[in-house]
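Understanding the architecture of this molecule
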Number of protein chains: 2
Amino acid sequence: MAATGRGEKDDLFSRVSTSRVSQVIVDQIKVLIRDGSLTPGDRLPSERDLCQRFGVSRVTVREALRVLEATGLVTIKVGAHGGAFLTAPSTDRVGEGLADLLSMSVLTAGEVTEARKIVEIGALPLIVERATKDDIDALFKLVEEGQHAVDEGEYTVDISARFHIRLAECAHNTALTMLIQSFHGPLLMSLREAREQAPIMGKRGTGEHRELAEAIRNRDLAAAQRVMSEHIARTAQRVSHEVE
Amino acid sequence: MAATGRGEKDDLFSRVSTSRVSQVIVDQIKVLIRDGSLTPGDRLPSERDLCQRFGVSRVTVREALRVLEATGLVTIKVGAHGGAFLTAPSTDRVGEGLADLLSMSVLTAGEVTEARKIVEIGALPLIVERATKDDIDALFKLVEEGQHAVDEGEYTVDISARFHIRLAECAHNTALTMLIQSFHGPLLMSLREAREQAPIMGKRGTGEHRELAEAIRNRDLAAAQRVMSEHIARTAQRVSHEVE
DNA sequence: AGTGCCGTAAGGTCAGACCATTGACTGTTA
DNA sequence: TAACAGTCAATGGTCTGACCTTACGGCACT
């Protein structure tokens, strides 16, 4: 990335690896991951071990590990038999990154909701086509939970989010799941007002969730799209007028 | 997030902030960014300064900075008047994260392309509706550039990506632009084969780009959707059979 | 068989030092 | 006066070596 847009002549005197040592280590490990020498679940050597292998100090190794950890490639456990473990599939990090990006740029809540509408409605054809019986059962189970929560007066956006994420999983496309997950993750949580109004809207929202689940069970794409469209539109309205 | 799904009783003995100090610092700074106390372009205090303010050692501060850097929130410059500068939101990091996940075979190229299809086609209604004259001129300009590159035999995926990103901007929704940008960033670049085949496909791709631009000029949504659909489908085909 | 203690391996943090890079300041020279 | 070169200070990059904290596993005791 940083190397793009060079002038001419730059190939004559190639850059003398002036980059950070820790970054070089990160890159090396990334390569190992890419080409399959390291697979999820594997454990990297201990910090003190890596120091010797790379011939650098522990501080440097640790910085490299911090970066890998922040990227979501490894998780680190302390204690005996701890260490850096290649993470099993975790879409959370990149979703979080997306949310960070969204939340710190000049986005209005309206824009986010509009994007959400496109993705969630666009995913419906796949969902209607691919949802398995298990998927549908799970959806109805979440609806019941939501209903129960409403009755108890304990409805939160978290419950709604779980439904939407589970719904996304019905498309059986990890990339899509990830996108929708990041919409419903830290991002929505940061819209405080939306969370506080949740109890009020819970009843109607749950009803719509049920309609959605039924439409999917009936493989009725049109109905699903209609309900989802209204559902999100209402969210949009709720959210937009306070986080302007 | 980590606090969800607790058992009962947990509120009696609250967790004694056993987390990493560096992580706490990261969170603090993230908060400052979120609530607008720090805006892009600002410079954080120097490492030695931060040590004193937080009352920790320099190593710890540096680890926090590594994380913030990896997350793409700051860039770091050395030398006098260097330091950590808040970056303007850039989608590259997210795209890189996507690419990492893809390379760990958490995601297949096919899934990503499917998601891309949904977003890019879903954005078309907005694009057709909102594209201004400037937008359309810019699109045609990019098409011309592409045509020129094809004639010279210098067509690269980069040119195609620029078109798609500019197209996304026509929707005048920053969130959408960012999503599509992260698809066309380091992610596509990492599909080496796709890059190498680019020259061959360039001619046809450019033709389709032109058709797209024309459809948008004519506010012909159906045509735009048809062309885009074919366009991405072909990419999907090209990409899927080697990165299985 | 169960319980609790303790050792050990691993990450987390600290303090202080030195090097490398860079931009600004200053002084010299044509 | 303008251009160049040298110096200096600020700042990130790395190293060393020490100590603390956590957690797993085994051992001794009950």
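Keep in mind the model is a prediction, meaning the values are calculated, not measured. (Residues numbered from 1 in each chain as written. Chains lettered and ligands numbered in written order. Predicted model: local features only at pLDDT ≥ 70, side-chain atom pairs only at ≥ 80, totals over all residues.)

Some points on the overall build of chain A
Stated formally: The secondary structure listing takes helices from DSSP runs of H or I that are at least 4 residues long and strands from runs of E that are at least 2 residues long, numbered from the N terminus. By the convention adopted here, residues make contact when the C-beta atoms placed from their backbones lie within 7 Å.
Secondary structure summary: chain A contains 10 helices and two strands in total. Scanning chain A from its N terminus toward the C terminus, one meets helices and strands in the order α-α-α-β-β-α-α-α-α-α-α-α. Across chain A, the fraction of contacts at a sequence separation of at least 24, relative to all contacts at a separation of at least 6, is 67%.

A closer look at the protein's contact with DNA strand C
Let me state the cut-off plainly: Should the C-beta atom of a residue, placed from the backbone, lie within 6 Å of a molecule or strand, that residue is near it.
Surveying the vicinity of DNA strand C reveals 23 residues, the closest of which are E47 of chain A together with V21, T60, G79 and A80 of chain B. Where the surface near DNA strand C is concerned, the elements lending two or more residues are α2 (47-54) and β2 (83-86) of chain A together with α1 (21-34) and α3 (58-71) of chain B.

Topic: the nonpolar core
Condition: Residues of type Ala, Val, Leu, Ile, Met, Phe, Trp, Tyr and Cys that are buried and joined through C-beta atoms within 7 Å form what is called a nonpolar core. Whether a residue is buried, exposed or partly exposed is read from the other C-beta atoms within 10 Å of its own C-beta, which are placed from the backbone; 20 or more gives buried, 12 or fewer gives exposed, and intermediate counts give partly exposed.
Of all hydrophobic cores here, the largest spans 67 residues; its most connected members are I127, L176 and I216 of chain A together with I127, L176 and I216 of chain B. Ignoring any residue separated from it by four or fewer positions in sequence, one finds I127 of chain A in contact with L167, C170, A171 and I216 of chain A. In terms of nonpolar packing, the next biggest core, distinct from the first, is built from 29 residues, A70 of chain A together with L50, A64 and L68 of chain B among them.

Some points on the pairing of strand β1 (residues 74-77) of chain B
Here is the rule: Pairs of strands are assigned from DSSP output, requiring at least two bridges between the strands.
Inspection of the sheet shows β1 of chain B paired to strand β2 (residues 83-86) of chain B by four bridges, in the antiparallel sense. Bridge pairing in β2 of chain B links K77 of chain B to G83 of chain B.

Focus: the packing of helix α5 (residues 109-130) of chain A against helix α8 (residues 174-184) of chain B
Helix-helix packing: each pair is described by the crossing angle between the helix axes and the interaxial distance. Worth spelling out the cut-off: Angles here are taken between N-to-C directions and fall from 0 to 180 degrees, while the axes themselves are lines fitted to C-alpha atoms, restricted in helices to the stretch in contact. When an angle is under 35 degrees it counts as roughly parallel; over 145 it counts as roughly antiparallel; between 65 and 115 it counts as roughly perpendicular; any other value is oblique. Polar here means any residue outside two lists: the nonpolar Ala, Val, Leu, Ile, Met, Phe, Trp, Tyr, Cys and Pro, and the charged Asp, Glu, Lys and Arg; Gly therefore counts as polar.
Interhelical geometry of α5 of chain A versus α8 of chain B gives an angle of 55° and a closest axis separation of 7 Å. As summarised for this structure, α5 of chain A and α8 of chain B are arranged oblique, according to the angle between their axes. Contact with α5 of chain A, carried on its side by E111, V112, A115 and I118 of chain A, involves T174, A175, L176 and L179 of chain B of α8 of chain B and no other residues of that element. Taken together, the residues of the contact of α5 of chain A with α8 of chain B sort by class into six nonpolar, one polar and one charged.

Considerations on the protein's contact with DNA strand D
Surrounding DNA strand D, one finds 25 residues, the nearest of these being V21, S57, T60 and G79 of chain A together with G83 of chain B. Among the elements of the structure, α1 (21-34) and α3 (58-71) of chain A together with α2 (47-54) and β2 of chain B are those that each provide at least two residues to the surface near DNA strand D. A total of three residues in the surface near DNA strand D trace back to one element, the largest contributor, which is α3 of chain A. Residue composition of the surface near DNA strand D, by class: nine nonpolar, 11 polar and five charged.

Concerning the packing of helix α6 (residues 133-152) of chain B against helix α7 (residues 157-169) of chain B
Residue and element names in this part refer to chain B. Where α6 meets α7, the closest approach of the two axes is 10 Å, and the angle between their N-to-C directions is 170°. In this view, α6 runs roughly antiparallel relative to α7, as classed from their interaxial angle. Counting all contacts with α6, which are made through A138, L139, L142, E145, G146 and A149, the residues of α7 involved are I159, R162, F163, R166 and L167. Here the residues of the contact of α6 with α7 sort into seven nonpolar, one polar and three charged.

Examining unusual backbone geometry
Residue and element names in this part refer to chain A. Although it is not a glycine, H172 sits at a positive phi angle of roughly 55°. As for its placement among the helices and strands, H172 is situated in the loop between α7 (157-169) and α8 (174-189). Overall, the presence of 16 C-beta atoms within 10 Å leaves H172 in the partly exposed class.

Brief notes about the confidence of the model for chain A
Our working rule: Values of pLDDT, which run from 0 to 100, indicate the predictor's confidence residue by residue.
This prediction gives chain A a mean pLDDT of 82; 76% of its residues lie at or above 70. Here residues 1-15 of chain A is modelled with pLDDT under 50, and outside its nearest four sequence neighbours on either side it reaches two contacts, counting other chains as well.

So, the environment of A215 of chain B
Residue and element names in this part refer to chain B. Its place among the elements puts A215 in helix α10 (residues 192-217). Using a count of 21 C-beta atoms within 10 Å as the deciding quantity, one classes A215 as buried. Separated by 68 residues in the primary sequence, A215 and Q147 have C-alpha atoms spaced 18 Å apart. With sequence-adjacent residues up to four places away left out, A215 is seen in contact with D220, A223, A224 and V227.

Examining α3 of chain B
All names here are of chain B. Our working rule: Expected helix span is taken as 1.5 Å per residue step, with the number of steps being one fewer than the number of residues.
In this model α3 runs 20 Å from its N-terminal to its C-terminal C-alpha over 14 residues, within 8% of the 20 Å that 1.5 Å per residue would give. Burial runs high along α3: 11 of the 14 residues are buried. Once α3 ends, the next one or two residues include G72, with phi positive near 85°.

Overview of the environment of A224 of chain A
Residue and element names in this part refer to chain A. For A224, the location among the structural elements is in helix α10 (residues 221-240). For the pair A224 and L212, spaced 12 residues apart in sequence, the C-alpha separation works out to 5.4 Å. Excluding residues within four positions of it along the chain, A224 makes contact with L124, V128, L212, A215 and I216.

What about the environment of T206 of chain A?
Residue and element names in this part refer to chain A. Among the secondary structure elements, T206 is positioned in helix α9 (residues 192-217). The buried category is assigned to T206, around which 24 C-beta atoms lie within 10 Å. Each C-alpha atom, one on T206 and one on S160, is 7.9 Å from the other, the two residues being 46 residues apart in sequence.

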